[in-house]
Amino acid sequence: MEKRGALELSVNTIVIVVLGITILIIGLAFLDTIKEKLTESAEGAFEELEGRFEELNAKEILTLIPSSFDVEAGKTKQVKVIIANLENSDYGNVVASVESVNPNEAKCLFASTQTGRSKSYNIASGKQVSLDLRVQVGKNSILGDKTCNVMISGNGITEPDTEASLFINVVK
């Protein structure tokens with residue numbers, strides 16, 4: 001009888017240990033998932049804050065915020081296009097246009113017009129205009145790098161650097 005009691009005790013111990021390890025593994029997996037979601041949320045929040053600060057302190061005539069990013073196939077991402085007048089004279093009839101290098105895989109369109117050309121703006125000296133650019137990535141887009149080129153033109157612009165490129169990395 002003593003051997004039987006010892007055997008039952010050791011089987012119970014093994015079952016408790018196995019259950020404990022299983023619960024521990026499930027708990028660790030749950031914590032890892034929560035950590036990944038918090039990290040993604042924090043990165044997104046920091047990117048947005050960084051973009052807001054850059055938006056306030058434009059140092060170039062044409063700024064894209066962000067100028068590069070990762071996006072999943074089939075998703076849409078929004079980018080800020082900031083046109084700043086850093087000269088002493090006003091700009092007139094300023095228009096931004098965008099060209100998608102791979103239009104079948106990633107389309108870049110201005111949110112206000114739903115086309116590759118923005119509305120026309122008059123920008124006083126020392127002021128800036130912020131435009132929303134939507135990047136739509138096709139569901140069947142090939143993974144990897146895509147590019148959209150943004151150009152501005154208008155009266156009074158003497159700055160030679162009136163183009164910028166947006167780099168899109170399509171991920172799973």
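Data block above holds the structure.
Every chain is numbered independently, its residues counted from 1 as its sequence is written. The model is predicted, so local features are restricted to residues of pLDDT at least 70 and side-chain atom pairs to those at 80 or more, both for listing and for counting; the totals for chains, interfaces and linings are taken over all residues. Think of the side-chain values as coming from all heavy atoms in the structure, minus any hydrogens and water.

Novice: Pulling in residues and values, what's your account of the state of the cysteines?
Specialist: We call a pair of cysteine sulfur atoms a disulfide when they lie within 2.5 Å. For the structure on display, the rule yields one disulfide. Note on cysteine connectivity: C108 is disulfide-linked to C148, with sulfurs 1.9 Å apart. Taking the torsion about the sulfur-sulfur bond, which here is approximately 85°, the covalent link between C108 and C148 counts as right-handed. A residue pair is termed long-range when its members are at least 10 positions apart, and C108 in strand β5 (residues 106-110) and C148 in strand β8 (residues 144-155) qualify at 40 residues. Judged on exposure class, the residue C108 and its partner C148 are both buried. Helix and strand assignments follow DSSP, with helices taken as H or I runs no shorter than four residues and strands as E runs no shorter than two, numbered in order from the N terminus. When accessible area is computed with a 1.4 Å probe and restricted to protein chains, residues below 20% of their type maximum are described as buried, those above 50% as exposed, and intermediate ones as partly exposed.

Novice: An account of the nonpolar core is needed here, citing residue identities and associated values.
Specialist: Residues enter a nonpolar core if they are buried and are Ala, Val, Leu, Ile, Met, Phe, Trp, Tyr or Cys, with the set joined through side-chain atoms within 4.5 Å. Core analysis: the largest hydrophobic core is formed by 29 residues, its most contacted members being L133, L166 and I168. Going through the elements one at a time, β1 (62-65), β2 (68-72), β3 (76-84), β4 (91-100), β5, β7 (128-137), β8 and β9 (163-171) are the ones with two or more residues in this core. With five residues, β7 is the single largest residue contributor to this core. Residue contacts are defined here by distance: any two heavy atoms, one from each residue, within 4.5 Å place the two residues in contact. Sequence-distant contacts of L133, defined by excluding residues within four places in its chain, comprise K77, Q78, V79, V81, V98, C108, L109, F110, V150 and L166.

Novice: Residues and numbers for the pattern of salt bridges, please.
Specialist: For this document, the term salt bridge refers to a Lys or Arg side-chain nitrogen within 4 Å of an Asp or Glu carboxyl oxygen. As enumerated under the stated definition, the model contains two salt bridges in all. In this structure, K80 engages D132 in a salt bridge whose closest nitrogen and oxygen atoms are separated by 2.9 Å. One end of the pair, K80, is in strand β3; the other, D132, is in strand β7, and 52 residues separate them in sequence. E105 is the salt-bridge partner of K146, the closest N and O atoms lying 2.9 Å from each other. In this pair, K146 sits in strand β8 while E105 sits in the loop between β4 and β5, placing the two residues 41 residues apart along the sequence. Classification of K146 by relative accessible area gives buried; the value is 6%.

Novice: For the sheet that holds β3, give the residues involved together with the corresponding values.
Specialist: Picture the strands of a sheet paired through backbone hydrogen bonds; they go either parallel or antiparallel. Two strands make a pair as long as DSSP finds a minimum of two bridges between them. What the four strands build is an open sheet, ordered β1-β3-β7-β5; its pairing is antiparallel. Each of the sheet's edge strands pairs with one partner strand only, and the pair in question is β1 and β5. Strand-to-strand twist across the sheet, computed as the mean angle between neighbouring axes with direction ignored, equals 25°. Sheet topology places β3 next to β7; nine bridges connect them, and they run antiparallel. Opposite K77, over in β7, you have V135 as the bridge partner. To get an axis, fit a line to the C-alpha atoms, keeping to the stretch in contact for a helix; angles then go from 0 to 180 degrees between the N-to-C directions.

Novice: Give me the lowdown on a nonpolar patch on the surface, citing residues and values where you can.
Specialist: Patch definition: residues with relative accessible area over 30% and no salt bridge; like charges joined within 9 Å; nonpolar side chains (Val, Leu, Ile, Met, Phe, Trp, Tyr) joined within 5 Å. For the area figures, the Shrake-Rupley method with a 1.4 Å probe applies, and any residue is considered shielded solely by the protein chains shown. On the surface, L24, L28, F30, L31, I34 and L38 cluster together into a nonpolar patch covering about 620 Å² of accessible area. Structurally, the position occupied by L38 is in helix α1 (residues 2-56).

Novice: Which residues make up the pairing of β5, and what are the values?
Specialist: Most of β5 is tucked away: four of the five residues are buried. Of the pairings in the sheet, the one linking β5 to β7 comprises five bridges and is antiparallel in character. The residue bridging K107 from the neighbouring strand is Q136, located in β7.

Novice: Before we move on, can you summarise the sheet that holds β4 with the specific residues and values?
Specialist: The strand order β2-β9-β8-β4-β6 describes an open sheet built from five strands, whose pairing is mixed. The open sheet has two edge strands with one neighbour each: β2 and β6 (121-123). Within this sheet the neighbouring strands show an average axis-to-axis angle of 35°, counted without direction. The pairing of β4 with β8 spans seven bridges and is antiparallel.

Novice: Describe a negative patch on the surface, listing the residues and the values that go with them.
Specialist: Two residue types count as positive, namely Lys and Arg, and two as negative, namely Asp and Glu; His and chain ends fall outside the count. Where a charge sits is defined by one atom per residue type, namely NZ (Lys), CZ (Arg), CG (Asp) or CD (Glu). A cluster of acidic side chains, namely D32, E36, E40, E43, E47, D70 and E72, defines a negative patch on the protein surface. Counting residues per element, the ones that place at least two in the negative patch are α1 and β2. Here the element with the most residues in the negative patch is α1; it accounts for five residues. Along the chain, D70 falls in strand β2.

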